[in-house]
Amino acid sequence: MRSVKRGMLGALALLVALSLLAAACSTEDSGGGGGEDTGEATETLAFGTSADPIVLDGALVSDGESLRAIDQMFEGLVTLEPGGTEVVPGLATDWEVSDDGLSYTFNLEEGVTFHDGEEFNAEAVCYNFDRWYNFKGSLQNPAASYYWQTVFGGFSDGKTDSLFESCEADEELVVTLNVTSPSSSILAALALTSFTIASPAALEEYEADEGRVDEEGIFSPAGTYATEHPTGTGPFMFEEWQRGDRLVMTRNPDYWGDAPGNIETLIFQPIADPAARLQALQSGEIQGYDLVDPQDYPTIEDDDQLQLLNRPAFNVAYVGFNQAVEPLDDIVVRQAIAHAIDRQAVVDGFYAGQGEVATQFMPPELFGYSEDVTTYEYDPEEAQRLLEEAGYDLPIKIDFAYPTDVERPYMPDPQANFEAMVADLEDCCFEIQQKSATWTPDYLDNVDNGRYGMRLLGWTGDFGDPDNFIGTFFQTPQEAWGFENEEIFNALDEAEAETDEETRIQMYEEANNLIMDFLPGLPYVHTEPGLGFAANVTGYQPSPVSLEQFSSVTVEGGQ
Amino acid sequence: MLNFALRRALLTIPILVGLSIIVFAFVRALPGGPADALLGERGTEEQEAQIREELGLNEPIYVQYGRYMRNLLSGDLGTSVRTRQPITEELKLRFPATFELAIAAMLFAILVGVPLGFIAAKRYQGVLDNTSLILSLIGISFPIFFLALLLKYIFAIRLGLLPTIGRLDITRSLAHPTNFYVLDSIIAGDLAALGDSLRHLVLPAVALATIPLAIIARITRAAVLDVTSADYVRTAQAKGLDPRVVDRRHILKNAMLPVITIVGLQTGLLLTGAVLTETVFAWPGVGSWMLEAIRFRDYAVLQGGILFFAVLIVFVNLLVDISYAFLNPRIRYQ
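Every chain is numbered on its own, with residues counted from 1 as its sequence reads. Each chain gets a letter, beginning with A, and each ligand a number, beginning with 1, in the order they are written. Residue-level local features of this predicted model are given only where pLDDT is at least 70; pairs of side-chain atoms are given and counted only at 80 or more, and the full residue set underlies all totals for whole chains, interfaces and linings. By convention in this description, side-chain values take in all heavy atoms of the structure and omit both hydrogens and water.

**Student:** Hey, could you run me through the sheet that holds strand β6 (residues 164–171) of chain A in this one?
**Tutor:** Two pairing modes exist for strands in a sheet, parallel and antiparallel, and in both the strands are linked by backbone hydrogen bonds. Residues and elements named next belong to chain A. Any two strands between which DSSP finds at least two bridges are classified as paired. Counting from the N terminus, the helices are the DSSP runs of H or I reaching at least four residues and the strands are the DSSP runs of E reaching at least two. The strand order across the open sheet formed by 4 strands is β4-β5-β7-β6, and the pairing between neighbours is antiparallel. The two strands at the open ends of the sheet, each matched to only one other strand, are β4 (92–97) and β6. Each strand of the sheet is rotated relative to its neighbour by a mean of 20°, with strand direction disregarded. Across 6 bridges, β6 lies against strand β7 (residues 174–179) in antiparallel orientation. Counterpart to serine 166 in the pairing with β7 is asparagine 178. Sheet strands touched by helix α3 (residues 122–133): β5 (103–108), β6 and β7. Its angle to β6, the strand with the most contacts, is close to 165°. For helices, the fitted line uses only the C-alpha atoms of the stretch in contact; every axis is such a line through C-alpha atoms, and the angle between N-to-C directions lies from 0 to 180 degrees. The contact rule is simple, with two residues in contact once any of their heavy atoms fall within 4.5 Å.

Laid out in structure tokens, this is it:
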């Protein structure tokens, strides 16, 4: 204690010295600058994500951040055209569907190897399908194998029917998938990241399916496949993953396909806070990030070092009507509601210019979207006229609910949307009983069990097929909607089973017309989420289903 | 002394048991659960029921608690529902990050706060004193979140001096035997990595340090004022001792006692209070992990994390009490 003060002064001096040292280091580093890149940095791209992946095994995840990473390292039999939803060849060069719609035969790409040097062939494909089909115990948990269950239903244990019948390796490079009933959405579903093909040797060596189920029933992998050795055929290879900090991938020098970009090292860095992601982009620490906060759009657009890319709309927000609740069973009331709500004003007011008014329950990017649906213009007088003509005493009492503690891509501020709509409805001809509940579990439970009359909800598509939108909503009777309309149910059943692409498109267009005449709900917006990039990054092709490849991205050197 | 420490240590047992019950009950009282959070609008009733069944959430609450305690006592904090990784493993990765940041913040708070408080006391009611009062009020009341954004804007975006996120430049690779990056880069003998990890520490540490800094400065000031009017100080001055020696040996040394207590308690708080700072700086510590767990309703992680924090605070308090008794013998006999 003799020289406390001197010691403290010394420590202060040390701190100053360290700061100076740190500042000196910063001038040597390429990281600190203001968006302009030096020559060597051009081949490294750091991308800010909203969270860490869960694991890097496509079969076991359904969250966007895991899928994003897996998409860079793995490929499926088919994929989607960049920036669109049309199914194009992936690891399969072409395919044929049998007349009965029960067999899909794929010809496979020649000369493809996995990252571990193993050969890609028909047996590898079947190994993967058999693996998924034979999942047991905790791997059947929908939180793990969500997409398998969505697309194929059950597993080999037969507890639930499965659409999957078998996989046959006919020849070295010819594989046939047999299904138990015809379904035309299978092809689009096979483009899902969860059905990408992994190296059988790596799956075995690193024990992808080994693990213990703890007393709480959670499967924790004992093997290192999904955390340290994910092995696919894609343009990037796994390098290292430090949880919570970074996932590093390097270019696959033996990639069989086309990878026009110039990124040698691709890094995903989880940055949970959107404001922090923006600042990291502004400071040049990352060159791009996803899930831009709508309020930050102008900041990025006004900065000439940065650019804003929009992901085509692939979602829908809607006001759902439960026809089990009177008077929503009356088409006139539903029409009046549709005329009473100024959807354009809601979209203009709360979507920062990134939304468009929806006319039907699926986005325009998707095939089967109909240009001829009945539309309902904002016209409160028409609403009033309809109701009076039908003999209603105004105002009509009705309950309307919105979720709290949540924001969704299609609904950044549910309460604001709700309040604007309530004001419109009350101005016209309704008396709204307002309801709300926390998103999970109460709100979703109440919706699923048909406890609300009107409610706000929405949906983001998983894959490029109308079945994933209107099929999910209206193909079967559901308590949330409270109606039985055989015409619509049948139209959707038939459209799902149809194998001729042209006919199928027409059938879905007609289904959309039917639905919007029947008006089971009022779709009001499709949104286009934004991505922020440094201005010198080119070649990034935003996709409606977020299937985006960094292998086509180029980072331009000093401009 | 030993007797006092032992008695004090034994007292922590009922505290810890009570804590485990509170944490367990609290986490289960939160609305929603992993089943809902995992599936969102996609979940069907059957799927959620299946998950609840698997997670053992359908069993009576005391059975769940019993199982939880049994695992806890064998050092198993459970498995994250979301990442499927053992919580103990992830804690080993993340706690060093939080600890490193807390130490850096506390060093900054002490190195600036103590001199500031001392000078303010020496210039009692002068301009410096009043300025430091206002500054420390601002320090206490300024939201960390906003301060962090502001610091980043000035030092990273405008001046380009310091990084805004993470613990190390993202392109730099470094082996992590300890997960304390400063230590790791010293072990690796990598000077550039050392500079880099220090640079990454500066802004989050400063942001995190504001509140303890202000408190330390105020406590130091009060303690120094208190001691300055003591008889032995007057005696020392009267016998013509060099004023610097009086400051150092008589005033500062005796004023340090309450400051040490506060430093101990604040260090405990810093270890747990870094949730916002860690999130804003994308610092991969326990705080940002907790926030993520809340976002995804990851019961197991929340429970493990909160319990870990609570135990930490209990032990920091224990240490402070014991060290206080060590420094001030009168305490032991009360």
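From this point on, the discussion continues.
**Student:** Where do I start with the confidence of the model for chain B in this structure?
**Tutor:** In low-pLDDT regions, the fine details of the predicted coordinates are not to be read closely. Every residue carries a pLDDT, the predictor's confidence in it, which falls somewhere between 0 and 100. On average, residues of chain B carry a pLDDT of 83, and 90% of them reach 70 or more. With pTM at 0.82, the complex prediction returns an ipTM value of 0.82.

**Student:** In this structure, what is going on with the state of the cysteines? I would like to understand it.
**Tutor:** Disulfide: a covalent bond formed between the sulfur atoms of two cysteine residues. Residue and element names in this part refer to chain A. Cysteine sulfur pairs qualify as disulfides if the two atoms are within 2.5 Å. In total, this model carries 2 disulfides over all chains according to the counting rule given. Across the disulfide, cysteine 126 is cross-linked to cysteine 167 (sulfur-sulfur distance 2.0 Å). Measuring the twist about the S-S bond at about -80°, one finds the cysteine 126-cysteine 167 disulfide to be left-handed. Here cysteine 126 is found in helix α3, whereas its partner cysteine 167 is found in strand β6, with 41 residues between them in sequence. For cysteine 428, the disulfide goes to cysteine 429, at an S-S distance of 1.9 Å. Given an S-S torsion of about 45°, the disulfide between cysteine 428 and cysteine 429 has right-handed geometry. Cysteine 429 sits in the buried class, given a relative accessible area of 2%. Each bonded cysteine of chain A gets a number by its place in the sequence, and the pairs then read 1-2, 3-4. Only protein chains enter the accessibility calculation, which uses a 1.4 Å probe; a residue whose area is less than 20% of its type maximum is buried, one above 50% is exposed, and one in between is partly exposed.

**Student:** Sorry if this is basic, but what is going on with the packing of helix α5 (residues 87–122) of chain B against helix α14 (residues 299–327) of chain B here?
**Tutor:** Think of two packed helices as two axes; the pair is described by the angle between the axes and how far apart they sit. All names here are of chain B. α14 packs onto α5 with a crossing angle of 55° between their chain directions and a minimal axis gap of 11 Å. Relative to α14, α5 is oriented oblique. Of the two possible hands of crossing, α5 and α14 adopt the one that is right-handed. Every residue of α14 that contacts α5 at Ile87, Leu91 and Phe95 is listed here: Ala300, Val301, Phe308 and Leu312. Of the residues in the contact of α5 with α14, the class split is 7 nonpolar, no polar and no charged. Any angle that falls under 35 degrees is termed roughly parallel, while one over 145 is termed roughly antiparallel, one within 65 to 115 roughly perpendicular, and all others oblique. A clockwise turn of the near helix away from the far one marks a right-handed crossing, whereas an anticlockwise turn of less than a right angle marks a left-handed crossing. Three classes are used, and their members are as follows: Ala, Val, Leu, Ile, Met, Phe, Trp, Tyr, Cys and Pro are nonpolar, Asp, Glu, Lys and Arg are charged, and the others, Gly among them, are polar.

**Student:** Just to check I follow, could you spell out the pattern of salt bridges for this structure?
**Tutor:** Salt bridge, as used here: a side-chain nitrogen of Lys or Arg that lies within 4 Å of a carboxyl oxygen of Asp or Glu. Inspection of the entire model under this criterion finds 22 salt bridges over all chains. The shortest N-O distance in the salt bridge between arginine 246 of chain A and aspartate 245 of chain A comes to 3.4 Å. When its relative accessible area of 2% is taken as the criterion, arginine 246 of chain A is described as buried. Among the ionic pairs, glutamate 100 of chain B bridges to arginine 167 of chain B, the shortest N-O distance being 3.1 Å.

**Student:** What is the right way to read the nonpolar core from this model?
**Tutor:** Nonpolar side chains in soluble globular proteins tend to end up buried together. By convention a nonpolar core is built from buried Ala, Val, Leu, Ile, Met, Phe, Trp, Tyr and Cys residues, the set being connected through side-chain atoms within 4.5 Å. Among the nonpolar cores identified, the biggest contains 155 residues, and Phe106, Phe129 and Phe430 of chain A are the most heavily contacted of them. Tallying contributions element by element places α3 of chain A first for this core, with 7 residues. Setting aside residues up to four positions removed in sequence, phenylalanine 106 of chain A forms contacts with Leu77, Val78, Ala92, Asp94, Trp95, Leu173, Val174, Val175, Leu177, Leu187 and Leu190 of chain A. The next biggest cluster of nonpolar side chains, apart from the first, holds 61 residues, and it includes Val182, Val246, Ala300 and Leu302 of chain B.

**Student:** Explain the packing of aromatic side chains to me, please; I cannot follow it from the model alone.
**Tutor:** Centre-to-centre distance and the angle between the planes together describe a pair of aromatic rings. All names here are of chain A. A pair of aromatic rings is counted whenever rings of Phe, Tyr or Trp (Trp by its six-membered ring) have centres within 6.5 Å, and the orientation is called stacked for planes under 30 degrees apart, edge-to-face for over 60 and tilted otherwise. Here the structure, examined in full by the defined rule, presents 48 aromatic pairs over all chains. Arranged with centres 5.8 Å apart and planes meeting at 40°, the rings of phenylalanine 47 and phenylalanine 533 form a pair that is tilted. In this pair, phenylalanine 47 sits in strand β1 (residues 44–49) while phenylalanine 533 sits in strand β21 (residues 530–534), placing the two residues 486 residues apart along the sequence. Accessibility classification places phenylalanine 47 together with phenylalanine 533 in one group, the buried group. Each ring, one from phenylalanine 114 and one from phenylalanine 120, has its centre 6.0 Å from the other, and the planes form 70°; the classification is edge-to-face. Both residues of the pair, phenylalanine 114 and phenylalanine 120, count as buried. Clustering of aromatic rings is evident, with ring pairs tying together Phe129, Trp132, Tyr133, Phe135, Trp148, Phe152, Phe155, Phe164 and Phe195. By definition here, charges over rings are those cases where NZ of Lys or CZ of Arg is within 6 Å of the ring centre and within 35 degrees of the ring normal. Directly above the ring of phenylalanine 518 sits arginine 334, whose terminal nitrogen or CZ lies 4.9 Å from the centroid.

**Student:** Explain a nonpolar patch on the surface here, please?
**Tutor:** Residues and elements named next belong to chain B. Patch construction takes residues with relative accessible area above 30% that form no salt bridge. Like charges are linked within 9 Å, and nonpolar side chains (Val, Leu, Ile, Met, Phe, Trp, Tyr) are linked within 5 Å. Values of accessible area rely on a 1.4 Å probe in the Shrake-Rupley scheme; residue burial ignores everything except the protein chains shown. A cluster of nonpolar side chains, Phe146, Leu150, Tyr153, Ile154, Phe155, Leu159 and Leu161, forms an exposed patch at the surface whose accessible area comes to about 580 Å². Within the secondary structure, leucine 150 sits in helix α7 (residues 144–158). A relative accessible area of 36% means that leucine 150 is categorised as partly exposed.

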